[in-house]
Amino acid sequence: MKLILRILPLFILLSCGTITETATKSPEQKYDFVLAFGSCNKQEAPQPLWEPIMKNQPDVFMWGGDNIYADTPDMQLMQEYYQIQHNVPGYKRLTNSIPVYGTWDDHDYGVNDGGKEWEFKEESQQLFLDFMGVSEDDPRRGREGVYHSELLETPKGNIKLIILDTRYFRDELKPDAVPGKRYKENSKGTILGEQQWQWLEEELHTSAATFNIILSSIQVISEEHGFETWGNFPAERKRLIKLIENSSAKNIIILSGDRHISEFSEMKRDRLNYPLVDFTSSGLTHSYTSFSGEPNRNRIGEVVSDLSFGLLKFDLKNNKMLMEMRGEKNRLLQQHKVEYPHIKH
């Protein structure tokens, strides 16, 4: 494993481009930093992806949500489910080797598609923090929500992880009778809540990181499919994209889960000199194998409906990123290359 050092060089960025390839051999290259992530993981199901994840020698792993399936008001039962996951041999090897960060989604929050109305959210938050190994004096222990940031510094550049909580403050979803749409759009509701919004604005406006990774348990860019997405709250989605455009943070990448499929979604924005990518990786133990298609005007490449995990491979010297979807036996399923604005010293 490469050592994460507390050394922080600053860079100014200038040019960009993208290439997407499906199931091609990854180039043999040494990367400066490797981040693995995934979501939708049933604690009692076979978990065949931990060994392939470790074969890629990641420096960190990030949970994208639904880290266990515990739709229950019984907090003792939820704790037992977390313990089952903690004791999975492959996962235990990973946690003994590298740092693990992440957020929750609805099933480890405690209720399917749940939001701020969930009456056991305070209790489930503490169990989630226990599972993540968060110390008792960490600020997350005494505040509402599991949002958090981490700065990972290396000799060639730094990576900021900005981890959102899309559950604790989110207004309740309203069912929609329109065929193909599960929920109505809510033009006035919130996903993050004002306190978390203020925190996020500060995190982005003050970031000097070479790359900034925003982790959202639900998709941001894909908005047409009718399931849970930031598109259910169009004003919140617009606010997030505008914040990304107007902030001083460089090279922002969105990671998401939840959907039981993996896909790349990409937007080109006039105020950004690089493409904004939402890399969805799901699921680790079960996937949408009967997937037959759904709209996403911003999709790049193809939907992967096999078991998969995601990799971000950072070339910090050249400001390039290789994003990979990999499956069982470490099989490469799809990749997306992005060349971010060139560094000028």
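Refer to the structure presented above.
Let us look at the overall build of the chain. Helix and strand counts for the chain stand at seven helices and 16 strands. Whereas a compact globule of 345 residues would reach a radius of gyration of roughly 20 Å, the chain reaches 19 Å, a difference of no more than 12%. Taking the principal axes of the C-alpha coordinates as reference, the chain spans close to 55 × 45 × 45 Å. In the chain, which comprises 345 residues, the share counted as buried stands at 60%. Residue pairs in contact within the chain that sit at least 24 positions apart in sequence constitute 74% of those at least 6 positions apart.

Phe 61, Leu 200, Leu 255, Phe 314 and Met 323 are the most contacted members of the largest nonpolar core, which totals 92 residues. Among residues more than four places away in sequence, those in contact with Met 323 are Ile 253, Phe 264, Val 277, Phe 279, Leu 311, Leu 312, Gln 334, Gln 335, His 336, Val 338 and Tyr 340.

Let's shift gears to the pattern of salt bridges. Per the counting criterion, the structure on display carries 22 salt bridges. Salt-bridge contacts for Asp 138 lead to Arg 140; the nearest nitrogen and oxygen are separated by 3.0 Å. Residue Asp 138 is classed as buried on the basis of its relative accessible area, which comes to 15%. Given the relative accessible area of 9%, Arg 140 is considered buried. Arg 170 serves as the salt-bridge partner of Glu 228, at 2.8 Å between the closest nitrogen and oxygen.

Right, let's get into the sheet that holds strand 9 (residues 252-256). Read from one edge of the open sheet, seven strands run 6-7-8-9-11-10-12, paired in mixed fashion. Edge positions in the sheet fall to strand 6 (148-154) and strand 12 (299-304), since each of these pairs with one other strand and no more. Ignoring which end each strand starts from, the neighbouring axes of this sheet average 15° apart. Relative to strand 11 (residues 276-280), strand 9 runs parallel, the two sharing three bridges. Pairing of Leu 255 across the sheet is with Phe 279, part of strand 11.

Two aromatic rings are characterised by how far apart their centres lie and by the angle between their planes. All chains considered together, the criterion is met by 22 aromatic pairs. Ring centres 5.5 Å apart and planes at 85° place the aromatic pair Tyr 288 and Phe 291 in the edge-to-face group. Three or more aromatic residues joined by ring pairs form one cluster here, namely Trp 50, Phe 61, Trp 63, Tyr 82, Tyr 91 and Phe 131. When the ring centre of Tyr 168 is taken as origin, the NZ or CZ atom of Lys 121, which lies over that ring, is 4.4 Å away. Across from the ring centre of Trp 197, 4.3 Å away, lies the NZ or CZ of Arg 239, which sits over that ring.

The rules we used
Residues numbered from 1 in each chain as written. Predicted model: local features only at pLDDT ≥ 70, side-chain atom pairs only at ≥ 80, totals over all residues. Heavy atoms only, no water. Helix = DSSP H or I, 4+ residues; strand = E, 2+ residues; numbered from the N terminus. Rg over C-alpha atoms; globule rule 2.2 N^0.38 Å. Buried < 20%, exposed > 50% of the residue type's maximum accessible area, 1.4 Å probe, protein only. Contact = heavy atoms within 4.5 Å. Core = buried A, V, L, I, M, F, W, Y, C linked by side-chain atoms within 4.5 Å. Salt bridge = Lys/Arg side-chain N within 4 Å of Asp/Glu carboxyl O. Pairing = 2+ DSSP bridges. Axes fitted to C-alpha atoms, helices over the stretch in contact; angles between N-to-C directions. Phe/Tyr/Trp six-rings, centres within 6.5 Å; stacked < 30°, edge-to-face > 60°. Lys NZ or Arg CZ within 6 Å of the ring centre and 35° of its normal.

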